[in-house]
Amino acid sequence: MPTVSLSLGERSYQVHVSNGALDSVGFMAEKLRIKGKAAIITDSNVSALYAERVIQSLRESEFEYSLHVFEAGEQSKNLQTLETLANEMVAEGHDRSSFVVALGGGVVGDLAGFLASVYYRGIPFIQVPTTVMAQVDSSVGGKTAVDIAAGKNLLGAFHQPKLVVVDPTTLLTLPPRVLSEGMAEMVKHAILRKPRMLQQLSRLADELQLGFTLTTIEHLPEIIAENIEIKARIVEEDEKETRGVRAFLNLGHTLGHGIEASVPLGELLHGEVVSLGLRGALHLSKKYSGLKERDEEEILKLLRALNLPLSLPAGVDIDKALSHTAADKKFSGGNIRFVLLSDLGSPLISEDITRNDLREAMELLTTPY
Ligand code: NAD
Ligand code: GLY
């Protein structure tokens, strides 16, 4: 089974990736000597599909457990749901000896991970991601958060999981739009550190159009593990995003966050705004840091082949989107810390991007590609 290790001192852990891994969550937790009662936290869609298998695997390893389900969607990633879940856990007798199993997409992982970080001042948790976004990105690296009225992910904590169990076969039940949006983060990882993966993703895009075959499914663990490896190495270099390296993961996110914040919560999916943000970032990279036009073209074609948006949907107010970009947490001391590329595989942080540049990039997104 492909395994990716994160070497973070006493917070080190492994990401196991294999088809069918959902049935081994209990066994893997037992092997790690994780003790106590499990609080399985999941959403209303994932619960119906996969909770029973995780419960069965925990039972086989003689773990006590309780199941906690909240309404699926970004709208639930808030303090109200956090409190409801915490109260439910207390009612089920969970204390500081318990652990959390986050079963679901990035919303479940961020919310359950944050709850684990504050419940009884912090308990261990296991990530069992079931979307592409969560498998290659949000379950790895320890960023957890909820949204508040002032913005997305503004209340959170670094809390590394003890274990991540990735079962790529869970992706087969994803709605096509959710499958595609997660691929935006896979493309971002490949652009940042492993451009040769772009060809592999391009083949995957073709297979996505035709429907996944058995051969694709057999190869998914390898591709996913290779992609996770990119993020894992970046997190190892800069766990708390203090050295600049982890900030490279924000490629496409500055404009993306502005767009995401300017539309009703959940209207555009996270990976969709990343795709839009990538188009803008590639344009500015071509203009200021020497990215070649043919490389920009290759990425844009790939994003399009993955059914990701490259133009703003009608009704997005670009002034509003820009004002949310200006309020984005990536502005520091008046300067935007904007991720550009000098080449595929060579990101850099620029502090020279002006508000006018952002407007130019945002206006580009109103034109078709
Ligand atoms: P999500 O968790 O809302 O999942 C998308 C939809 O797919 C939901 O309706 C969910 O119920 C459903 N779903 C999940 N797994 C399924 C499956 N296997 N089969 C069928 N349906 C399934 O969204 P997401 O795209 O996974 O994650 C987005 C969230 O992740 C955002 O809140 C974003 O801020 C966060 N995020 C966090 C990080 C991080 O580093 N912590 C990184 C990237 C994104
Ligand atoms: N998703 C960005 C990060 O984990 O840093």
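Residues numbered from 1 in each chain as written. Chains lettered and ligands numbered in written order. Predicted model: local features only at pLDDT ≥ 70, side-chain atom pairs only at ≥ 80, totals over all residues. Heavy atoms only, no water.

**Q** So what's going on with the site of ligand 2? Which residues, and what values?
**A** Around ligand 2 sit D137, K143, K231, R246 and L249, and those are all the residues in its vicinity. A distance of 2.9 Å is found between an oxygen atom of ligand 2 and a side-chain nitrogen or oxygen belonging to K143. Measuring from an oxygen atom of ligand 2, one finds a side-chain N or O atom of R246 at 2.7 Å. Protein chains shield 86% of the accessible area of ligand 2, which is 200 Å² for the free molecule. A class-by-class count of the residues in the shell around ligand 2 yields one nonpolar, no polar and four charged. (Near = heavy atom within 4 Å. Polar contact = N/O pair within 3.5 Å; in protein donor to acceptor, adjacent residues only side chain to side chain. Areas by Shrake-Rupley, 256 points an atom, 1.4 Å probe, with all protein chains shown as cover. Nonpolar A, V, L, I, M, F, W, Y, C, P; charged D, E, K, R; others polar.)

**Q** Requested: an account of unusual backbone geometry, with residues and values cited.
**A** In this structure, R33 takes a positive phi of about 60 degrees despite not being glycine. Note that R33 resides in the loop between α1 (25–31) and β3 (38–43). Judged by its relative accessible area of 67%, R33 falls in the exposed class. The residue Y120 is not glycine, and still its phi comes out positive at about 50 degrees. Here Y120 is to be found in the loop between α4 (106–118) and β6 (125–129). (Helix = DSSP H or I, 4+ residues; strand = E, 2+ residues; numbered from the N terminus. Buried < 20%, exposed > 50% of the residue type's maximum accessible area, 1.4 Å probe, protein only.)

**Q** Report on the environment of T81, specifying residues and quantitative values.
**A** In this structure, T81 sits in helix α3 (residues 79–91). Using a relative accessible area of 13% as the deciding quantity, one classes T81 as buried. C-alpha separation for the pair T81 and I259, spaced 178 residues apart in sequence, amounts to 25 Å. Among residues more than four places away in sequence, those in contact with T81 are F70, S76 and L111. Separated by 2.8 Å, the side chains of T81 and N78 make a polar contact. (Contact = heavy atoms within 4.5 Å.)

**Q** Requested: an account of the side chain of S117, with residues and values cited.
**A** Relative to the helices and strands, S117 is located in helix α4. Excluding residues that lie within four positions of it along the chain, S117 makes contacts with G122, T144, A157 and H159.

**Q** An account of the sheet that holds β3 is requested, with residue identities and associated values reported.
**A** With mixed pairing, seven strands are arranged side by side in an open sheet as β1-β2-β9-β6-β5-β3-β4. The open sheet is flanked by β1 (3–6) and β4 (65–70), the only strands paired with a single partner. Adjacent strand axes in the sheet meet at a mean angle of 15 degrees, parallel and antiparallel pairs treated alike. As paired strands, β1 and strand β2 (residues 13–17) are joined by four bridges and run antiparallel to one another. Considered in β2, the bridge of S5 is made with Q14. Strands β1, β2 and β9 (163–166) of the sheet are contacted by helix α8 (residues 214–237), whose axis makes an angle of about 5 degrees with β1. (Pairing = 2+ DSSP bridges. Axes fitted to C-alpha atoms, helices over the stretch in contact; angles between N-to-C directions.)

**Q** Which residues make up the pairing of β1, and what values go with them?
**A** By the alternation rule, side chains of β1 split into V4 and L6, which are all buried, and T3 and S5, of which none is buried. Remark: six residues form the turn of the hairpin made by β1 and β2, two consecutive strands paired antiparallel; G9 in that turn has positive phi of roughly 60 degrees.

**Q** Outline the packing of aromatic side chains, listing residues and values.
**A** The geometry of an aromatic ring pair is captured by two quantities: the separation of the ring centres and the angle between the planes. Enumeration over the complete set of coordinates arrives at two aromatic pairs. Arranged with centres 5.4 Å apart and planes meeting at 70 degrees, the rings of F63 and F99 form a pair that is edge-to-face. Here F63 is found in the loop between α2 (44–60) and β4, whereas its partner F99 is found in strand β5 (residues 99–104), with 36 residues between them in sequence. Looking at F63, the relative accessible area reads 10%, which means it is buried. (Phe/Tyr/Trp six-rings, centres within 6.5 Å; stacked < 30°, edge-to-face > 60°.)

**Q** Lay out the environment of L79 with the relevant residues and their values.
**A** Checked against the element boundaries, L79 lands in helix α3. Setting aside residues up to four positions removed in sequence, L79 forms contacts with V146, D147, I148 and L155.

**Q** Go over the site of ligand 1, please, and point to the residues and values.
**A** In the vicinity of ligand 1 there are 28 residues, among which D43, E74, T131, T173 and E181 approach most closely. One of the side-chain nitrogen or oxygen atoms of T130 is found 2.8 Å away from a nitrogen atom of ligand 1. Taking T131, its side chain carries an N or O atom lying 2.6 Å from an oxygen atom of ligand 1. Protein contacts shield 89% of the accessible area of ligand 1, which totals 860 Å² for the unbound molecule. Those elements that place two or more of their residues in the shell around ligand 1 are α2, α4, α5 (132–138), β8 (151–158) and α6 (176–193). Tallying contributions element by element places α2 first for the shell around ligand 1, with four residues. Counted by class, the shell around ligand 1 contains nine nonpolar, 10 polar and nine charged residues.

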